[in-house]
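Secondary and tertiary structure notes
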Amino acid sequence: MKKILVGVVLASAMVYAGGYTLAPDGTYVSGNTATLAPDGSYVGGNTVTLAPDGSYVGRDSVTLTPNGNYVGGSTSTITPDGNYIGGSTYQMTPNGSYVGQ
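All of these numbers come straight from a predicted model, not from anything done at the bench.

**Re the overall build of the protein chain**
- The number of helices and strands found in the protein chain is 1 helix and 13 strands.
- Listing each helix as α and each strand as β along the protein chain from the N terminus yields α-β-β-β-β-β-β-β-β-β-β-β-β-β.
- In the protein chain, buried positions account for 30% of the 101 residues.
- Sequence separation of 24 or more characterises 12% of the internal contacts of the protein chain that already satisfy a separation of 6 or more.
- Carbon and sulfur atoms provide 58% of the accessible area of the protein chain, an area that totals close to 5,800 Å².

Pasting the structure below:
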């Protein structure tokens, strides 16, 4: 049990060069902090904002993307896999997902 708890603590602090963080649930989020949202998901940054569809995003502002999802920030960018991220640039994480910069 101690090994599992140590792994969770370490995972919550893993910040990677390039601006993304491994959250305790195994997802990657943009920025150097993973913040727990009320629904149990993690968002990048220190701010959690409720979007009109009930999802949570990081950052103070929310942007509606062309596919009907919401992202944090004032701009959105399409990634090579067809998803949208908040921000004007993106970076691929080790699991193949993309996060905004």
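**Side note on the packing of aromatic side chains**
- Counted by the stated rule, this structure contains 2 aromatic pairs.
- Geometrically, the ring pair formed by Tyr90 and Tyr98 is edge-to-face, given 5.4 Å between the ring centres and 90° between the ring planes.

**Here's the deal with unusual backbone geometry**
- Notably, Arg59 is not glycine yet its phi reads approximately 90°, a positive angle.
- Taking relative accessible area as the criterion, Arg59 reaches 31% and is therefore assigned partly exposed.

**Quick notes on the confidence of the model for the protein chain**
- Summing up the model confidence of the protein chain, the mean pLDDT is 86 and the portion of residues at 70 or higher is 82%.
- Segment residues 1–13 is flagged for pLDDT under 50; beyond a separation of four residues in sequence, or across chains, it makes 5 contacts in the model.

**Details of the side chain of Thr77**
- Mapped onto the elements of the fold, Thr77 is located in strand E10 (residues 76–78).
- Since its relative accessible area comes to 17%, Thr77 is described here as buried.

**Digging into the environment of Gly40**
- Of note, Gly40 is situated in the loop between strand E4 (34–36) and strand E5 (42–44).
- A C-alpha to C-alpha distance of 9.3 Å links Gly40 and Asp25, two positions 15 residues apart in sequence.

**Focus: the environment of Tyr28**
- Along the polypeptide, Tyr28 turns up in strand E3 (residues 28–30).
- Along the chain, Tyr28 and Val99 lie 71 residues apart, while their C-alpha atoms are 7.5 Å from each other.

**Looking at the environment of Tyr70**
- In this fold, Tyr70 is placed in strand E9 (residues 70–72).
- Taking the C-alpha atoms as reference points, Tyr70 and Tyr56, separated by 14 residues in sequence, lie 8.5 Å from one another.
- The residues touching Tyr70, leaving out its near neighbours within four places in the chain, are Ala51, Pro52, Asp53, Ser55, Val57, Val62, Thr63 and Leu64.

Reading guide: rules and limits
Residues numbered from 1 in each chain as written. Predicted model: local features only at pLDDT ≥ 70, side-chain atom pairs only at ≥ 80, totals over all residues. Heavy atoms only, no water. Helix = DSSP H or I, 4+ residues; strand = E, 2+ residues; numbered from the N terminus. Buried < 20%, exposed > 50% of the residue type's maximum accessible area, 1.4 Å probe, protein only. Contact = heavy atoms within 4.5 Å. Areas by Shrake-Rupley, 256 points an atom, 1.4 Å probe, with all protein chains shown as cover. Phe/Tyr/Trp six-rings, centres within 6.5 Å; stacked < 30°, edge-to-face > 60°. pLDDT = per-residue confidence, 0-100.

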